[in-house]
Amino acid sequence: MEEKMGIGRFGGSLKVANVQALAEKLSLEIPDRYVRPERKKDIFAGDDEIYGESIPAIDFGKLFDSEYSEEEAAKLHSACEGWGFFQLVNHGVPEDVISKLREDVEEFFKLPLEEREKVAQLPGQIEGYGQVFVQSEEQKLDWADMLALATLPPSIKQFRFWPTNPPSFRENLERYADEVKSVADGILKMISKNLGLGVDKLYDMFKGGIQIFRFNYYPPCPTPEKVLGLSSHSDAVGLTILLQINELQGLQIRRNGGWLPVKVLPGAFIVNIGDIIEILCNGKYKSIEHRAIVNNEKARLSVAGFHELNFGDVVGPIPEIVKGDKLHYKSLEFEEYTKQIFSSKLEAKSILDLMKLDE
Ligand SMILES: O=C(O)CCC(=O)C(=O)O
Ligand SMILES: [Fe+2]
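Residues numbered from 1 in each chain as written. Chains lettered and ligands numbered in written order. Predicted model: local features only at pLDDT ≥ 70, side-chain atom pairs only at ≥ 80, totals over all residues. Heavy atoms only, no water.

A.B. asks: Mind laying out the overall build of the chain, listing which residues take part and the relevant values?
C.D. replies: For the chain, the count of helices and strands is 12 helices and 14 strands. Relative to the compact-globule value of 21 Å for 359 residues, the chain shows a C-alpha radius of gyration of 20 Å, a close match. Summarising its shape, the C-alpha atoms of the chain cover approximately 55 × 55 × 45 Å along the three principal directions. Excluding contacts between residues fewer than 6 apart, the proportion of contacts in the chain whose partners are at least 24 apart in sequence is 80%. Carbon together with sulfur atoms contributes 53% to the accessible area of the chain, which is approximately 15,400 Å² in total. Between the averaged position of the 43 positive side-chain charges in the chain and that of its 57 negative side-chain charges there is a distance of 3 Å. (Helix = DSSP H or I, 4+ residues; strand = E, 2+ residues; numbered from the N terminus. Rg over C-alpha atoms; globule rule 2.2 N^0.38 Å. Contact = heavy atoms within 4.5 Å. Areas by Shrake-Rupley, 256 points an atom, 1.4 Å probe, with all protein chains shown as cover. Lys, Arg positive; Asp, Glu negative; His and termini not counted. Charge placed at Lys NZ, Arg CZ, Asp CG, Glu CD.)

A.B. asks: Can you tell me about the packing of aromatic side chains, naming the residues and giving the values?
C.D. replies: Here the structure, examined in full by the defined rule, presents 12 aromatic pairs. The rings of Phe 108, Phe 109, Tyr 129, Phe 169, Phe 215 and Tyr 217 are connected pair by pair, giving a single aromatic cluster. Note that Lys 189 overlies the ring of Tyr 203, its terminal NZ or CZ placed 4.4 Å from the centroid. For Arg 255, the ring lying beneath its charged end belongs to Trp 83, and the centroid distance is 3.4 Å. (Phe/Tyr/Trp six-rings, centres within 6.5 Å; stacked < 30°, edge-to-face > 60°. Lys NZ or Arg CZ within 6 Å of the ring centre and 35° of its normal.)

A.B. asks: Before we move on, can you summarise the coordination of the iron ion (ligand 2) with the specific residues and values?
C.D. replies: Within the protein, the atoms that donate to the iron ion (ligand 2) are His 233 (NE2), Asp 235 (OD) and His 290 (NE2), at distances of 2.1 to 2.2 Å. Sequence spacing of the donor residues for the iron ion (ligand 2), all on one chain, is H-x1-D-x54-H. Highlighted residues: Asp 235 in the loop between β6 (230–233) and β7 (239–244) and His 290 in strand β11 (residues 290–292), separated in sequence by 55 residues. Under the relative-accessibility criterion, Asp 235 is labelled buried at 6%. (Donors = N, O, S within 2.8 Å, 3.2 Å for Na, K, Ca; no water. Buried < 20%, exposed > 50% of the residue type's maximum accessible area, 1.4 Å probe, protein only.)

A.B. asks: Summarise the site of ligand 1; cite the residues concerned and give the values.
C.D. replies: Taken together, 13 residues lie around ligand 1, and Asn 216, Tyr 218, His 290, Arg 300 and Ser 302 are the ones closest in. A distance of 3.1 Å separates an oxygen atom of ligand 1 from a polar atom in the side chain of His 233. With respect to ligand 1, the side chain of His 290 contributes an N or O atom lying 3.0 Å from an oxygen atom. Alone, ligand 1 offers 300 Å² of accessible surface; in the complex the protein occludes 97% of this. If one sorts the elements of the shell around ligand 1 by residue count, strand β12 (residues 300–307) sits on top with 4 residues. (Near = heavy atom within 4 Å. Polar contact = N/O pair within 3.5 Å; in protein donor to acceptor, adjacent residues only side chain to side chain.)

A.B. asks: Would you mind going over the UniProt feature "domain: Fe2OG dioxygenase" (unreviewed entry) in the chain in detail, with residue names and values included?
C.D. replies: In the numbering used here, UniProt assigns the "domain: Fe2OG dioxygenase" (unreviewed entry) feature to residues 209–309. The span residues 209–309 carries 6% helix and 43% strand; its end-to-end C-alpha distance comes to 4 Å. (UniProt positions renumbered as here; feature names shortened; annotations may be inferred.)

A.B. asks: For the nonpolar core, give the residues involved together with the corresponding values.
C.D. replies: One finds Tyr 176, Ile 187, Ile 191, Phe 215 and Phe 269 to be the most contacted residues of the largest nonpolar core, which totals 95 residues. Take this core: its biggest share by element is 11 residues, from helix α7 (residues 169–194). Tyr 176 has contacts with Val 97, Ile 98, Leu 101, Phe 213, Leu 243, Phe 269 and Val 303, leaving out every residue within four places of it along the chain. Judged by nonpolar contacts, the second largest core, of 15 residues, contains Leu 22, Ile 30, Leu 141 and Tyr 218. (Core = buried A, V, L, I, M, F, W, Y, C linked by side-chain atoms within 4.5 Å.)

A.B. asks: Which residues make up the environment of Ile 273, and what values go with them?
C.D. replies: Mapping Ile 273 onto the fold places it in strand β10 (residues 269–273). Between the alpha carbons of Ile 273 and Trp 83 there is a distance of 9.1 Å; along the sequence they are 190 residues apart. Dropping the residues within four chain positions of it, Ile 273 is found in contact with Cys 80, Gly 84, Ile 191, Gly 238, Leu 239, Glu 278, Tyr 285, Lys 286, Ser 287 and Ile 288.

A.B. asks: Go over unusual backbone geometry with me, naming the residues and quoting the values.
C.D. replies: Of note, the bond from Leu 152 into Pro 153 is cis; its omega dihedral lies within 30 degrees of zero at -10°. Along the chain, Pro 153 turns up in the loop between β4 (145–152) and α7. That bond from Asn 165 to Pro 166 is cis: its omega, 0°, falls within 30 degrees of zero. For Pro 166, the location among the structural elements is in the loop between β4 and α7.

A.B. asks: Lay out the pairing of strand β8 (residues 251–255) with the relevant residues and their values.
C.D. replies: When you tally the buried positions in β8, you get 4 out of 5 residues, the bulk of the element. Bridging between β8 and β11 involves 3 bridges; their strand directions are antiparallel. Bridge pairing in β11 links Ile 253 to His 290. Here β8 pairs with strand β9 (residues 258–261) via 4 bridges, running antiparallel. (Pairing = 2+ DSSP bridges.)

Have a look at this one:
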């Protein structure tokens with residue numbers, strides 16, 4: 001029965017080859033399952049140096065400083081409305097909490113494969129070291145391995161999937177997870193206020209919610225222009241807080257019909273509105289499609305912290321927001337909603353399309 005504990009009941013994924021091991025063996029030719037025809041049609045929205053455009057920066061400290069709060073909250077509102085993505089500076093997470101997690105994550109992915117596979121995903125599970133969203137043997141694959149761990153609520157933690165090497169991993173992730181939850185709470189409060197819901201509405205809804213971390217490891221690839229580190233998708237969750245573990249960039253967001261590379265200020269988090277918030281606010285804020293590309297020199301690492309509702313909650317537009325407006329999404333029990341996600345491949349907007357009432 002242990003197999004179905006925690007978020008295991010959301011579903012599973014087919015086992016795929018370890019990409020890090022594959023990348024170590026390769027000279028030039030990559031297996032066909034990693035070759036992505038869609039990359040030939042890439043349109044770039046331009047480099048932000050050329051277009052003068054980059055995701056907005058929001059100062060977390062200012063949001064809660066009475067002198068600046070109003071102005072910063074207005075910036076946050078326009079970032080949520082116009083971008084769906086922003087970088088968060090001055091977030092208050094202590095530097096040592098971040099650097100310790102960074103070191104442990106880098107160390108874990110440097111371990112020999114047998115050591116990493118001690119926390120391998122099990123059939124029918126989405127936690128552990130492996131890959132998710134693989135539903136058929138024909139499906140194209142991402143040039144990456146990942147480790148997924150649920151951290152909240154505490155009762156759903158499955159420590160069998162938590163690396164014990166390096167030994168400090170558990171403590172350092174738990175400290176980081178708590179800090180990131182506080183940041184998520186703060187953002188949810190301000191978003192809630194900005195949406196006219198009162199400061200506590202979204203915070204209360206997500207208070208007992210699920211938090212999952214996804215550690216992405218994108219090995220270098222001899223032909224990076226042919227592959228995708230992470231397929232184009234929008235995050236099916238409430239709110240994502242992403243940390244780039246090393247200095248390499250690779251995240252791109254859908255903007256003006258093309259892909260815009262995201263450049264991040266040192267130490268900043270990248271925050272994005274997920275599908276659940278888009279649905280809760282009846283489309284006032286949009287969950288934006290994004291993907292990750294890889295390079296041919298160095299592995300890239302990132303950590304996404306996903307903030308979810310919980311079992312028993314309903315995903316659907318909040319009545320105070322809809323008022324007399326047209327209802328744009330249906331409502332679905334959170335568990336049902338999440339099962340749908342994990343029974344599909346990672347595809348742009350697939351769950352939102354399922355939830356949409358119009359079009
Ligand atoms: O690695 C990145 O920059 C993006 C990660 C991401 O989008 C995700 O894990 O959902
Ligand atoms: Fe994502």
